[in-house]
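# A structural walkthrough
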Amino acid sequence: GAVVSQHPSWVICKSGTSVKIECRSLDFQATTMFWYRQFPKQSLMLMATSNEGSKATYEQGVEKDKFLINHASLTLSTLTVTSAHPEDSSFYICSASRGVEQYFGPGTRLTVT
Amino acid sequence: AQTVTQSQPEMSVQEAETVTLSCTYDTSENNYYLFWYKQPPSRQMILVIRQEAYKQQNATENRFSVNFQKAAKSFSLKISDSQLGDTAMYFCAFRPITQGGSEKLVFGKGTKLTVNP
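Quick notes on the rules
- Residues numbered from 1 in each chain as written.
- Chains lettered and ligands numbered in written order.
- Predicted model: local features only at pLDDT ≥ 70, side-chain atom pairs only at ≥ 80, totals over all residues.
- Heavy atoms only, no water.
- Core = buried A, V, L, I, M, F, W, Y, C linked by side-chain atoms within 4.5 Å.
- Buried < 20%, exposed > 50% of the residue type's maximum accessible area, 1.4 Å probe, protein only.
- Helix = DSSP H or I, 4+ residues; strand = E, 2+ residues; numbered from the N terminus.
- Contact = heavy atoms within 4.5 Å.
- Disulfide = S-S within 2.5 Å.
- Polar contact = N/O pair within 3.5 Å; in protein donor to acceptor, adjacent residues only side chain to side chain.
- Salt bridge = Lys/Arg side-chain N within 4 Å of Asp/Glu carboxyl O.

## Things to note about the nonpolar core
Counting residues in hydrophobic clusters, the biggest one holds 26 residues, and the most contacted among them are Trp 35, Tyr 58, Phe 67, Ile 69, Leu 79, Tyr 92 and Leu 110 of chain A. Contributions of two or more residues to this core are made by strand 2 (10-13), strand 3 (19-25), strand 4 (32-38), strand 5 (44-51), strand 7 (67-73), strand 8 (76-81), strand 9 (90-98) and strand 11 (108-112) of chain A. Setting aside anything within four residues of it in sequence, one finds Leu 79 of chain A in contact with Val 19, Lys 20, Ile 21, Trp 35, Phe 67, Leu 68, Ile 69 and Tyr 92 of chain A. Residues Val 66, Leu 77, Ala 88 and Phe 94 of chain B belong to the second largest nonpolar core, which totals 25 residues.

Okay, here's the thing in structure tokens:
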């Protein structure tokens, strides 16, 4: 149990367009989900905490208007990168809380050309 | 603010040998959880082991065990009988236990472990 999926696993988009990444908890309900960004050979950087039915809480330095997070149900959170630029290219990982632990999705590689 | 420090950017070990990864943390909290996560080349984060700070007994999971020293704020991971599949980045993480508080994890920078045949 405790499986988290992400879709898509890899996306390429052109500069100026928007891209949506979905995070789903497949076999449990998650009131809280998290979005991370990971640069090559670095640790995970928390971008925001997503709570079902309420606005996301963004970490300092993360542009909330650029990284739109919606947690519409207990099993789905989405991250939309708006007006993407090459510097937004990165690996994005979501996780969902279940009890004490966080369960992580497989990640989404975003490449902006 | 809590911080997690992993002082070994890279380590290597021979297959079947034992290796210990170090982690120290800084917090003023008394109750918290500590975790070790593994991130193999696939980049899927996998929970290796968890320790509750209020438990004196060190956690073990098969070949993985921890040495938790609360006073020293140290939380090292020992991998016994290393296998090629253990090759991965290992992240130490901290999470405070606060009623109604954040469930955020604080990660260290990671240790890249390579198991050599």
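And the narrative resumes.
## Section: the state of the cysteines
Per the stated rule, a full pass over the model turns up 2 disulfides over all chains. Bridging Cys 23 of chain A to Cys 94 of chain A, the disulfide has an S-S length of 2.0 Å. Its S-S torsion of about 80° marks the bond between Cys 23 of chain A and Cys 94 of chain A as right-handed, since a negative value means left-handed. A residue pair is termed long-range when its members are at least 10 positions apart, and Cys 23 of chain A in strand 3 and Cys 94 of chain A in strand 9 qualify at 71 residues. As far as burial versus exposure is concerned, Cys 23 of chain A and Cys 94 of chain A are alike and both buried. Covalently, Cys 23 of chain B is tied to Cys 92 of chain B through a disulfide, its sulfur atoms 2.0 Å apart. Here the S-S torsion is close to -70°, and the disulfide linking Cys 23 of chain B with Cys 92 of chain B is therefore left-handed. In this pair, Cys 23 of chain B is assigned in the loop between strand 3 (19-21) and strand 4 (24-26) and Cys 92 of chain B in strand 10 (residues 88-96), connecting sequence segments 69 residues apart. Using a relative accessible area of 1% as the deciding quantity, one classes Cys 23 of chain B as buried. According to the relative accessible area criterion, Cys 92 of chain B is buried, its value standing at 0%. Free of any disulfide, Cys 13 of chain A has its nearest neighbouring cysteine sulfur in Cys 94 of chain A, separated by 18 Å. Taking the relative accessible area as the measure of exposure, Cys 13 of chain A reaches 9% and is therefore buried.

## Topic: the side chain of Ser 77 of chain A
All names here are of chain A. With respect to the helices, strands and loops of the structure, Ser 77 is situated in strand 8. Here Trp 35 takes part through its side chain, which lies 3.0 Å from a polar atom of the side chain of Ser 77. Polar contacts involving the side chain of Ser 77 include one to the main-chain carbonyl oxygen of Asn 70, which spans 3.5 Å. Setting aside its immediate chain neighbours within four residues, Ser 77 contacts Ile 21, Glu 22, Cys 23, Met 33, Trp 35, Ser 50, Ile 69, Asn 70 and His 71.

## A short note on the pattern of salt bridges
Residue and element names in this part refer to chain A. Applying the stated rule across the entire model yields 8 salt bridges over all chains. The salt bridge involving Arg 24 is made with Glu 22; its shortest N-O contact spans 3.4 Å. On the basis of relative accessibility, which here comes to 33%, the residue Arg 24 falls in the partly exposed class. A relative accessible area of 24% places Glu 22 in the partly exposed class. Between Asp 88 and Lys 66 there is a salt bridge, with the nearest N and O atoms lying 2.9 Å from each other. Of the two residues, Asp 88 is situated in the loop between strand 8 and strand 9 and Lys 66 in the loop between strand 6 (57-58) and strand 7; the sequence distance between them amounts to 22 residues. Pair check on accessibility: Asp 88 and Lys 66 agree, each one buried.

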